[in-house]
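The chain contents come next:
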Amino acid sequence: MSKLQNAIIGGVRAVLGQVPAAWLPGGTPDPLIDKRVALGGQQSRVDGPDKVRGVARFAAEVPMEDLLYATFVHSTIARGRIVELDTSAAEAAPGVQLVMTHRNAPKMSVPPAIGITNLKAAGNHTLPIMQSSEIRWNGQVVAVVLADTREKADHAATLVRVRYEASPARTRFEVGKRSAYTPESLLVERNRLDKGDAGKKLAEAAFKIDAVYTTPWENHNPIEPHAATIVWRDGKLIVHDATQMINATAGSLAKIFGLKAEDVHVSSPYVGGGFGAKGMWDHQILGAAAARLSGRPVRITLSRASMHRLVGGRTRTEQRVALGADADGKLKALLHHGYGVKPLHSVCDEAFSLTGRSLYASESFDVVQHYVDLDLLANSFMRGPGETPGTFAIECAMDELAHAIGMDPIELRRRNASTRDPVSGAPHSQNAMMAAYDLGAARIGWDRRTPEPGTRRDGEWLIGMGCASGTFPFTRMPGSSARITIDAEGHAHVASAAHEMGMGTATVQRQHTADRLGLPLDHVTVTIGDSSLPFASFAGGSSQTASLAAAISAASRKLATELIQLAGNDTPLAGLKASEVEFADGGLRSVENPARQESFVSILRRASRRELSVIGESGAPLEILKFSMHSTSAIFCELRVSEVTGEIRVDRLVGAFDCGRILNTKTATSQFKGGMIMGLGMALAEETLLDERTGRIMSTSLADYHVPVHLDVPDIDVLWTDIADPRAPLGARGIGEIGTTGVAAAVANAVFNATGKRVRELPLTLDRLI
């Protein structure tokens, strides 16, 4: 987040611009882009049967003897200090073993902040945890009650009495904007972009629009609440967690409690939904501290209210977008300015202003975003961070411009689709967004759309159609590792501390390994979800599939070398180098002469070995600094709006995606649909209600915070181009977040087409349409 970072990254990009592409990762396209057997099929998730039978053990289900249950007491002010804390009634309540407060909590260091420069850090904020009487947000934990049942702990928590001395708190967005700060960078990109005198070209444009779009605070609501079962044994910390940051959580806990890295063990084989929420928050740290203080295992399972008060979500945004175009619809100017909330103790960017930089070519750009520092819970990553609110603003603005020109919205996008990165000029690794538009338009029947709003109806229902682009950058994390073990039966076992949050990580990597090693699918097993396994970075930014695939690919190259050396001279492979062989039929064979082949079983038997193991590691993702690499989508919506009540009924959603090769059509379809449903929630219902007088979150249950249920979900069609990205492992880019981006804008644009009313504020509740 500094000028130095901008200079370093800018320098690296300049150097890589002169480096031949063949020297970089992906310089030689992955052979499995086209040579696929298991990949590309409809394999069911390998963890599915255990989950259906109820034998998959989640974090809150790990059995332990002498277990205590934790409940939190939360502050009711946003800023100030505790002046009186009476825990006597709680301590005397039945079943209560301990009440931990800042007065008796163990010494703990500040959590190390998440960042790409330290993949063993998981802190979402940089505040001390229960080390003093100071209060920094409304909802901060002031006491932890431990009892022998959850019910007793919950009851005792109501008996804790706290008196505060409140200090002036900054909790109002509009007031905070007056002193907003402007960071130098957002993620790895420079924040401020000023190219080509956009203000002048906007004023001169034949057609222009200039509007402000707002998105609300949003909270995470995964089906599995945050939970951890924690125990100290012989000075070592063991955490059964629900996390998408296994190694980062382990590394952070070691720092916080002053332990050696090898003295912290984190296990998380199953996670019931993450979406950016399942990182390290205060509950794991306080649970570990309480377990150390009590000398007994502790289980903490957050209530929905505690989740909303302790786990950050998507920040509120206010975005001004101004577009100017010539008479042919070509963009002359793109301005994107805005505000989000990021307290100084928060470490997560909601980089919505990066969206318009990659989607469309424009002669000029003026882009910058500002952050408001408020006394609130730290914001955090939420599925499609940045691009999800960013596409709402940019894509609604594109629809408004198309209407002002009198041009079909798809045609306007076609005329402005970029052939290279619009800002840097870097070549795309692969981009077929307009091919996705063609697929989606044909599927939804775009030719039925009427350009004039409010002209299609069925009784009281006004019918409309809308579209929008989605985008999300390709990311591949460095340092992810995987171990491949070949056993005496010729089976392969893959192990990595990667994560399974329902997206099918083990399933897809099993398919990948089978094809990579030339094995039948039933000869491959994949083990993930434990910090004792080879290191893996966090599962976020739609990066895990590519990162783990690169590690497995690297391990396979090491495996070929080791097998040739192990085979010796008494083998058909004698004299061949690793570069001259390939995996096939459960062994190695010569590329030039496939008859020169030997199986894994034969090589190991002759060497008197029961198994052979190698570890491979993904290298630095230099490709993303040389090429413009983004997944894109075309989202279409058809809906009805009641002219009487303003009620919106979405009848169809179509998502056409350009994300490289699809590795598993069944799990990919599920991922895309899940993302689109989250986008539908953003469009129509989701909103965290914040009392700006006190900084208190009021919508702390699923009765108050609405998410889509089955009756809200329409028919959803999912399509994809399946065009390989030659620079990405397996030719595939991430798909975990692209499904959410663009959906809210497509819905809002369909509402305009139905009613003629342009709503620029989410969610699209009926009161905004009456």
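Quick caveat: nothing in here was measured; it's all calculated off a predicted structure. (Residues numbered from 1 in each chain as written. Predicted model: local features only at pLDDT ≥ 70, side-chain atom pairs only at ≥ 80, totals over all residues. Heavy atoms only, no water.)

Help me understand the state of the cysteines in this model?
Covalent bonding between the sulfur atoms of two cysteines is what defines a disulfide. Within this structure, the stated rule accounts for zero disulfides. In this structure Cys 637 is a free cysteine whose sulfur lies 11 Å from that of Cys 467, the closest cysteine sulfur available. Using a relative accessible area of 0% as the deciding quantity, one classes Cys 637 as buried. A disulfide-free cysteine, Cys 659 has its sulfur positioned 17 Å from the sulfur of Cys 467, the nearest such atom. (Disulfide = S-S within 2.5 Å. Buried < 20%, exposed > 50% of the residue type's maximum accessible area, 1.4 Å probe, protein only.)

Hey, could you run me through the pattern of salt bridges in this one?
Oppositely charged side chains may form a pair once their charged atoms are brought near each other. With the rule as written, the count across this model stands at 51 salt bridges. For the salt bridge of Arg 170 with Asp 373, the shortest nitrogen-to-oxygen distance reads 3.0 Å. Within this pair, whereas Arg 170 is found in the loop between strand S6 (161–166) and helix H5 (173–177), its partner Asp 373 is found in the loop between strand S17 (365–372) and helix H11 (387–405), the two being separated by 203 residues in sequence. For Asp 373, a relative accessible area of 16% corresponds to the buried category. Here Glu 363 makes a salt bridge to Lys 201, at a shortest N to O gap of 3.3 Å. Note that Glu 363 is positioned in the loop between helix H10 (355–359) and S17 and Lys 201 in helix H6 (residues 198–204), a separation of 162 residues in sequence. Ionic contacts of the salt-bridge type, sharing partners, join the residues Arg 79, Glu 134, Arg 170, Asp 373 and Asp 375 into one network. (Salt bridge = Lys/Arg side-chain N within 4 Å of Asp/Glu carboxyl O. Helix = DSSP H or I, 4+ residues; strand = E, 2+ residues; numbered from the N terminus.)

Which parts of the structure should I look at to understand the packing of helix H7 (residues 246–257) against helix H8 (residues 282–294)?
Two quantities define a packed helix pair, namely the angle between the axes and the distance from one axis to the other. Contact geometry of H7 with H8 gives a least axis separation of 11 Å together with a crossing angle of 50 degrees. Judged by the inter-axis angle, H7 sits oblique to H8. H8 is crossed by H7, and the crossing has right-handed handedness. Each of Leu 253, Ile 256 and Phe 257 in H7 lies in contact with H8, whose residues at this interface are Ile 285, Ala 288, Ala 289 and Arg 292. Class assignment for the residues of the contact of H7 with H8 results in six nonpolar, no polar and one charged. (Axes fitted to C-alpha atoms, helices over the stretch in contact; angles between N-to-C directions. Parallel < 35°, antiparallel > 145°, perpendicular 65-115°, else oblique. Left-handed = near helix turned anticlockwise from the far one by under 90°. Contact = heavy atoms within 4.5 Å. Nonpolar A, V, L, I, M, F, W, Y, C, P; charged D, E, K, R; others polar.)

Explain the environment of Ala 56 to me, please; I cannot follow it from the model alone.
Position of Ala 56 among the secondary structure elements: in the loop between helix H2 (48–53) and strand S1 (68–74). Between the C-alpha atoms of Ala 56 and Ile 285, which are 229 residues apart in sequence, the distance is 25 Å. When residues no more than four places from it in sequence are discounted, the contact partners of Ala 56 are Asp 50, Lys 51, Glu 61 and Tyr 270.

Hey, could you run me through the domain arrangement of the protein chain in this one?
How big an interface is tends to be stated in terms of accessible area lost as the parts join. Splitting the protein chain by domain gives domain 1 (59–168 + 224–272 + 278–310), domain 2 (186–218 + 314–475 + 625–768) and domain 3 (477–620). Centre-to-centre, using C-alpha coordinates, domain 1 lies 39 Å away from domain 3. Taken together, the 17 residues of domain 1 in the interface contact 18 residues of domain 3. Roughly 1400 Å² is buried in total at the junction of domain 1 and domain 3, and carbon and sulfur atoms are behind 60% of that figure. (Domains from an automatic or database assignment. Buried area = accessible area lost by both parts, 1.4 Å probe.)

Please clarify how the sheet that holds strand S28 (residues 648–658) should be interpreted in this entry.
For sheets, the rule is that strands pair by backbone hydrogen bonds, running either parallel or antiparallel. Within the open sheet, the five strands sit side by side as S18-S19-S27-S28-S31. Their pairing is mixed. At either margin of the open sheet sits one strand with a lone partner, and together these are strand S18 (457–458) and strand S31 (715–720). Contacting strand S19 (461–473), strand S27 (630–642) and S28, helix H19 (residues 743–755) crosses the sheet at an angle of about 155 degrees to S19. (Pairing = 2+ DSSP bridges.)

What is the right way to read helix H15 (residues 544–567) from this model?
Side chains three or four residues apart in an α-helix point the same way, a direct result of the helix having 3.6 residues per turn. Here H15 contains 24 residues, and its C-alpha end-to-end distance of 34 Å stays within 8% of the 34 Å for a straight helix at 1.5 Å per residue. Of all 24 residues making up H15, 17 are buried, and the element is well covered by its neighbours. (Expected span 1.5 Å × (residues − 1).)

When you look at the nonpolar core in this model, what are you seeing that I'm missing?
Here is a general trend for soluble globular proteins: nonpolar side chains tend to be buried in one another's company. Core analysis: the biggest nonpolar cluster contains 75 residues, and Tyr 213, Leu 323, Phe 636, Leu 639 and Phe 672 have the highest contact counts within it. Those residues in contact with Phe 672, other than ones at most four positions away along the chain, are Phe 657, Cys 659, Ile 662, Val 718, Trp 720, Ile 735, Ile 738 and Gly 739. With 52 residues, the next largest nonpolar core counts Phe 72, Ala 254, Ala 290 and Ile 300 among its residues. (Core = buried A, V, L, I, M, F, W, Y, C linked by side-chain atoms within 4.5 Å.)

Is there a simple way to explain a nonpolar patch on the surface in this structure?
On the surface, Leu 4, Ile 8 and Val 12 cluster together into a nonpolar patch covering about 270 Å² of accessible area. Residue placement: Val 12 occurs in helix H1 (residues 3–16). On the basis of relative accessible area, Val 12 is assigned to the partly exposed category, the value being 31%. (Patch = residues over 30% accessible without salt bridge, like charges linked within 9 Å, V, L, I, M, F, W, Y side chains within 5 Å. Areas by Shrake-Rupley, 256 points an atom, 1.4 Å probe, with all protein chains shown as cover.)

Just to check I follow, could you spell out the sheet that holds strand S3 (residues 96–100) for this structure?
Taken in spatial order, the seven strands line up as S3-S5-S1-S14-S11-S12-S13 in an open sheet, and their pairing is mixed. In this open sheet, the two edge strands, each paired with only one partner strand, are S3 and strand S13 (264–267). Sheet twist, expressed as the average angle between the axes of neighbouring strands with direction ignored, equals 20 degrees. With six bridges joining them, S1 and strand S5 (residues 141–147) adopt antiparallel strand pairing. Its bridge partner being in S5, Thr 71 is matched across the sheet by Val 145. Across the sheet, helix H4 (residues 150–157) lies against S1, S3, S5 and strand S14 (298–301), angled at about 25 degrees from S1, the strand it touches most. Across the face of the sheet, H8 comes into contact with S1, S3, S5, strand S11 (227–233), strand S12 (236–241) and S14 while running at roughly 35 degrees to S11.

How should I be thinking about the packing of aromatic side chains in this particular structure?
To describe a pair of aromatic rings, you give the distance between the ring centres and the angle between the ring planes. This model, assessed by the stated rule, comprises nine aromatic pairs. Taking 5.6 Å as the distance between ring centres and 80 degrees as the angle between the ring planes, the aromatic pair formed by Trp 232 and Phe 257 counts as edge-to-face. Highlighted residues: Trp 232 in strand S11 and Phe 257 in helix H7, separated in sequence by 25 residues. A relative accessible area of 17% means that Trp 232 is categorised as buried. Taking the centre distance of 6.0 Å and the plane angle of 40 degrees together, the rings of Phe 672 and Trp 720 count as tilted. You can see Phe 672 sitting in helix H18 (residues 665–684) and its partner Trp 720 sitting in strand S31, a full 48 residues away along the chain. Owing to a relative accessible area of 0%, Phe 672 belongs among the buried residues under this scheme. Its relative accessible area of 22% is what places Trp 720 among the partly exposed residues. Connected via pairs of aromatic rings, a cluster forms that spans Tyr 437, Trp 446 and Phe 636. Stacked on the ring of Tyr 339, the Lys or Arg Lys 177 has its end atom at 5.2 Å from the ring centre. Arg 758 extends its terminal NZ or CZ atom over the ring of Phe 752, reaching a point 3.8 Å from the ring centre. (Phe/Tyr/Trp six-rings, centres within 6.5 Å; stacked < 30°, edge-to-face > 60°. Lys NZ or Arg CZ within 6 Å of the ring centre and 35° of its normal.)

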